[in-house]
Amino acid sequence: MHYVRPIPLADPARPEGALPLAGGPLFFDRVEILERGRTPLILPARELDPAALAPLTAPRPPLAGLSMGRPRVMGILNVTPDSFSDGGRFAALPDALAQAQALASDGADILDIGGESTRPGAAEVDAADEISRTAPVIEMLRGQGLSLPVSIDTRKAAVAEAALQAGADLVNDVAALTWDVGLANLVARSGAPVCLMHAQGTPQTMQADPRYDDVLLDVYDWLAERIRAAEAAGIPRSRIVTDPGIGFGKTLEHNLAILRRLSLFHGLGCPILLGASRKRFIGTLSGEPLADRRMGGSVAVALAAAAQGAQILRVHDVRETRQALVLWRAVTCEAEEPARGGTQA
Ligand code: HH2
């Protein structure tokens, strides 16, 4: 079994015949062929047959009304007492509402609202508590006229259902529909898009001793299997987003192996979401023990992910990430008009 990774072009001078990566602003003309236990091989993309190229080049359908033609910023709002970076800061309703509005005015394309920390070692939260933390925030934001797509970060069907009723648009499940058997049916019935994230183990145990045969290919196979399961439950691929789950049952080396070859996941035919913001590996590599002082590293990883064609970047520092992306696109994607004044849609 071999795997095909598009190698995105890092330069705006585009060779003749270069192909669009997932219909987005990046192009590729070579692919890396990966096989377990073998040295990777690099080939011209044109040597692949059209069926192998199709998932790599096809434009992704809009997600919750957002075009996937350029990288989108998902702003994180944790209404929890114990999240690793912002735990306790937005647990009270007025603080949560103010932070949501701040993320929106900073330029978030999507808000991701979570009521259960999934940091390593976090304890499980009762569904009723998670609902009481998240649904009122979403309902009040909609009451205040917030029109941004809202995602509910949960593993539980009851929490997702309450959030969707309150006005959420998509479901972000760090367990990829493996935690609660009812969640796949709910997502299928509701018509909402869903993010399927890879994790090895549960938050309680995942960092104990994570092991893989080949982390990149194991995560790819696992996500491919979860997409098949979601499709079997009635969720079309056009409503699925995939995420390799940085920090979820992964060592520093595992995280880096995934990030260096992130574009492999385009082969799944779905938008790629990446959540690396302020995570521990950034602190380890940069020598910064404090999560809220890891913005520079987080922005660097977000740009590296965008350069691999990731469509959604889940971040705490929305304003800075958005600014970095606007400048990165202006200086790398020749075909595009640079954004001006920060007001471009
Ligand atoms: N990471 C976290 C939570 N949800 N969802 C997706 N799709 N991808 C991620 O990488 C991801 C996620 C963990 O980060 P955070 O929400 O900042 O912290 P906590 O789990 O402690 O609330």
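Everything numeric in this text was worked out from a predicted model, so none of it was measured.

Reading guide: rules and limits
Residues numbered from 1 in each chain as written. Predicted model: local features only at pLDDT ≥ 70, side-chain atom pairs only at ≥ 80, totals over all residues. Heavy atoms only, no water. Core = buried A, V, L, I, M, F, W, Y, C linked by side-chain atoms within 4.5 Å. Buried < 20%, exposed > 50% of the residue type's maximum accessible area, 1.4 Å probe, protein only. Salt bridge = Lys/Arg side-chain N within 4 Å of Asp/Glu carboxyl O. Helix = DSSP H or I, 4+ residues; strand = E, 2+ residues; numbered from the N terminus. Expected span 1.5 Å × (residues − 1). Contact = heavy atoms within 4.5 Å. 1 Å grid on protein atoms, 1.4 Å probe; cavity = no way out; pocket = protein on both sides within 12 Å on 5 of 7 lines; lining within 4 Å. Points joined across faces, edges and corners; volume = space filled by probe spheres on them. Nonpolar A, V, L, I, M, F, W, Y, C, P; charged D, E, K, R; others polar.

### A short note on the nonpolar core
Within the largest apolar cluster, 87 residues are counted, with the highest numbers of intra-cluster contacts made by L77, L111, F265, L274 and L313. Core analysis: the next-biggest nonpolar cluster, separate from the first, contains 10 residues, L63, M68, M74 and I312 among them.

### A look at the pattern of salt bridges
Counted by the stated rule, this structure contains 20 salt bridges. The partner of E35 in a salt bridge is R38, and the shortest N-O contact between them spans 3.7 Å. Looking at E35, the relative accessible area reads 29%, which means it is partly exposed. With its nearest N and O atoms 3.2 Å apart, the salt bridge here joins D82 to R119. Here D82, found in the loop between β5 (72-78) and α2 (93-105), pairs with R119, found in the loop between β6 (110-114) and α3 (127-143); they are 37 residues apart in sequence, far enough to count as distant. Take D82: its relative accessible area is 25%, and that puts it in the partly exposed class. Judged by its relative accessible area of 26%, R119 falls in the partly exposed class. A single network of salt bridges, built from pairs that share partners, joins R36, D213, D218 and D221.

### Description of helix α6 (residues 215-232)
With 18 residues, α6 should reach 26 Å at 1.5 Å per residue; the first-to-last C-alpha distance of 26 Å fits that figure. Taken together, the buried positions of α6 are V215, L216, L217, V219, Y220, L223, A224, R226, I227 and A230. Elements in contact with the buried residues of α6: β1 (2-8), β3 (27-35), β9 (194-197), β10 (240-243) and α7 (252-260). Just downstream of α6 lies G234, where phi reads positive at about 100°.

### Some points on the layout of surface pockets
Rolled over the atoms, a probe as big as a water molecule pinpoints where empty space is left. Taken as a whole, the largest pocket encloses approximately 620 Å³ of empty space. In terms of lining, the largest pocket is formed by 36 residues, of which the most central are F84, R119, P120, G247 and K279. Elements with a contribution of two residues or more to the lining of the largest pocket: β5, α7 and α8 (280-286). With three residues, α8 is the largest single contributor of residues to the lining of the largest pocket. In the lining of the largest pocket, the residues fall into 12 nonpolar, 14 polar and 10 charged.

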